[in-house]
Amino acid sequence: MASASATLLKSSPIIDKSEWIKGQNLRQPSACVIRCHPTSVALTVRASSYADELVKTAKTIASPGRGILAMDESNATCGKRLDSIGLENTEANRQAYRTLLVSAPGLGEYISGAILFEETLYQSTVDGKKMVDVLVEQNIVPGIKVDKGLVPLPGSNNESWCQGLDGLSSRTAAYYQQGARFAKWRTVVSIPNGPSALAVKEAAWGLARYAAISQDSGLVPIVEPEILLDGEHGIDRTFEVAQKVWAEVFFYLAENNVLFEGILLKPSMVTPGAECKDKATPQQVADYTLKLLHRRIPPAVPGIMFLSGGQSEVEATLNLNAMNQSPNPWHVSFSYARALQNTCLKTWGGRPENVKAAQDTLLVRAKANSLAQLGKYTGEGESEEAKKGMFVKGYVY
């Protein structure tokens, strides 16, 4: 662990060695005092002692033409992926697949951050190199999934809440020492089940507490209230719910003194429910989603990294491209798991001789989404596999 941490301190894309050595300025708690006249009340807005570093990390991840590779599937979910290609869910097989992903040559040209599961953060590649070190060498910022999953929310309409706040401060401090520089916490909102005011408030409060704790440990928090695709509702209903959810989220982020310049968002795109008969075009998705963002997201937030949420690889890329046809106040990009990995996984099939072909497939998808972030994706030459939808009703991550 110590050697990996030392390597990161020297080669991190976020803060160079001289900045670490200058040292203590980054670690001094920062505060600004705003005096409201004519009253004598003073409002103190506190930021983490890592404030400068958080801002720099967020800007590094939100860099032009790059987005996030989400490879933080739990071991159980990773097992389902491996089972789909006939592989047993063993640590060796998970290690082999994750090695394939992080070591794809040139991946850092299109990917700025990679979200890892805890096992992966402490894992080495099949060649014996720390996964974290391989990512840093590719100019990719390592991140970590910190939530402990969804459980039923008592008193709600069969809805869920996300657990993991207990012990989070000590865990995030340890993850920082291991080389992680950003974090992810996924909670969900279900439209068919309401959503109830209780579920929305619980989701927003949990995200805000997690964000404040993460920043206090030096990790940029990805704020992810996923509005699930499940349901027959139309796009207007999704828009209505998304407005309520994001209003609540930013209210509680502010209540918890979270530094907006040091966070990233991972929202769902505004789309109809997966079972809705009226499908939306990429332009409609872009129009509704951008309208939501302009109404709810402060321009201080550096990056909006969309989740794919079961869309096909091509659909997710087309929708992202449509949102980048004109300038936005934020970096509008991607944080995809299945929409980057699906064809790659099937190409690999668990066979060592297919590793290069699978990595090439991953790079094709990463480049396509890089182009979409720049508004230059055309969709030409895409495979039939990349056009297949991946929605799973009641999907568990």
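Everything that follows concerns the structure shown earlier in this document.
The rules we used
- Residues numbered from 1 in each chain as written.
- Predicted model: local features only at pLDDT ≥ 70, side-chain atom pairs only at ≥ 80, totals over all residues.
- Heavy atoms only, no water.
- Salt bridge = Lys/Arg side-chain N within 4 Å of Asp/Glu carboxyl O.
- Buried < 20%, exposed > 50% of the residue type's maximum accessible area, 1.4 Å probe, protein only.
- Helix = DSSP H or I, 4+ residues; strand = E, 2+ residues; numbered from the N terminus.
- Pairing = 2+ DSSP bridges.
- 1 Å grid on protein atoms, 1.4 Å probe; cavity = no way out; pocket = protein on both sides within 12 Å on 5 of 7 lines; lining within 4 Å.
- Points joined across faces, edges and corners; volume = space filled by probe spheres on them.
- Nonpolar A, V, L, I, M, F, W, Y, C, P; charged D, E, K, R; others polar.
- Contact = heavy atoms within 4.5 Å.
- Axes fitted to C-alpha atoms, helices over the stretch in contact; angles between N-to-C directions.
- Core = buried A, V, L, I, M, F, W, Y, C linked by side-chain atoms within 4.5 Å.

Visitor: Please provide a residue-by-residue account of the pattern of salt bridges, values included.
Guide: The final tally for this structure, using the stated rule, is 13 salt bridges. The shortest N-O distance in the salt bridge between Glu137 and Lys129 comes to 2.9 Å. Residue classification places Lys129 among the partly exposed positions, given a relative accessible area of 38%. Three or more residues joined by partner-sharing salt bridges are found here, namely Asp72, Lys184 and Glu224.

Visitor: Now, about the pairing of strand E3 (residues 67–71): what can you tell me, with residues and values included?
Guide: When you tally the buried positions in E3, you get 5 out of 5 residues, the bulk of the element. Bridge analysis of E3 against strand E4 (residues 111–116) gives 5 bridges, and the strand direction is parallel. Opposite Ile68, over in E4, you have Gly113 as the bridge partner.

Visitor: Run through empty space enclosed by the protein, naming residues and quoting values.
Guide: Within this structure, the stated rule accounts for 4 cavities of 30 Å³ or more. The volume enclosed by the second largest cavity comes to roughly 70 Å³. Lining the second largest cavity are Glu226, Ile227, Leu228, Leu229, Ser268, Met269, Thr271, Leu307, Ser308, Gly309 and Gln311. Looking at the lining of the second largest cavity residue by residue, the classes come out as 5 nonpolar, 5 polar and 1 charged.

Visitor: Would you mind going over the environment of Ala197 in detail, with residue names and values included?
Guide: When you line up the elements, Ala197 lands in helix H10 (residues 197–216). Measuring from C-alpha to C-alpha, the distance between Ala197 and Glu248 comes to 10.0 Å, with 51 residues separating the pair along the chain.

Visitor: So what's going on with unusual backbone geometry? Residues and values would help.
Guide: Cis geometry marks the peptide bond from Gly194 to Pro195; its omega dihedral reads -15°. Checked against the element boundaries, Pro195 lands in the loop between strand E8 (182–189) and H10. One non-glycine residue, Asn139, lies in positive phi territory at about 65°. Classification of Asn139 as partly exposed rests on a relative accessible area of 35%. Even without being a glycine, Asn158 presents a positive backbone phi close to 55°. With respect to the helices and strands, Asn158 occurs in the loop between strand E6 (150–152) and strand E7 (160–162).

Visitor: Could you give an account of the sheet that holds E8, with specific residues and numbers?
Guide: Around the barrel, 8 strands lie side by side as E3-E4-E5-E8-E9-E10-E11-E12; this closed barrel has parallel pairing. As defined by bridge partners, E4 adjoins strand E5 (residues 141–145) across 4 bridges and the pair is classed as parallel. The partner of Ala114 across the bridge, within E5, is Pro142. On top of the sheet, helix H13 (residues 313–323) reaches strand E11 (303–306) and strand E12 (331–336); it is set at about 170° to E12, its chief contact. With respect to the sheet, helix H15 (residues 355–373) is in contact with E4 and E12, its orientation differing from that of E12 by roughly 160°.

Visitor: Which residues make up the nonpolar core, and what values go with them?
Guide: In this structure, Leu107, Tyr210, Phe250, Leu253, Leu265, Ile297 and Trp348 are the most contacted members of the largest nonpolar core, which totals 107 residues. With 10 residues, helix H11 (residues 235–255) is the single largest residue contributor to this core. In contact with Leu253, other than residues within four places in its own chain, are Leu207, Ala208, Ala211, Val223, Val258, Phe260 and Ile263.

Visitor: Let's hear about the pairing of E5: which residues, and what values?
Guide: In terms of burial, E5 is largely enclosed, as 5 of its 5 residues are buried. Here E5 shows a buried face lined by Val141, Gly143 and Lys145 and a second buried face lined by Pro142 and Ile144. With 3 bridges connecting them, E5 and E8 associate as parallel partners. Residue Ile144 lies in a different strand from E8, and its bridge partner there is Ala183.

Visitor: Can you tell me about the environment of Gly309, naming the residues and giving the values?
Guide: Tracing the sequence through the fold places Gly309 in the loop between E11 and H13. Gly309 gets classed as buried once you look at its relative accessible area, which sits at 15%. Setting aside residues no more than four positions away along its own chain, Gly309 makes contact with Glu226, Leu229 and Arg338.

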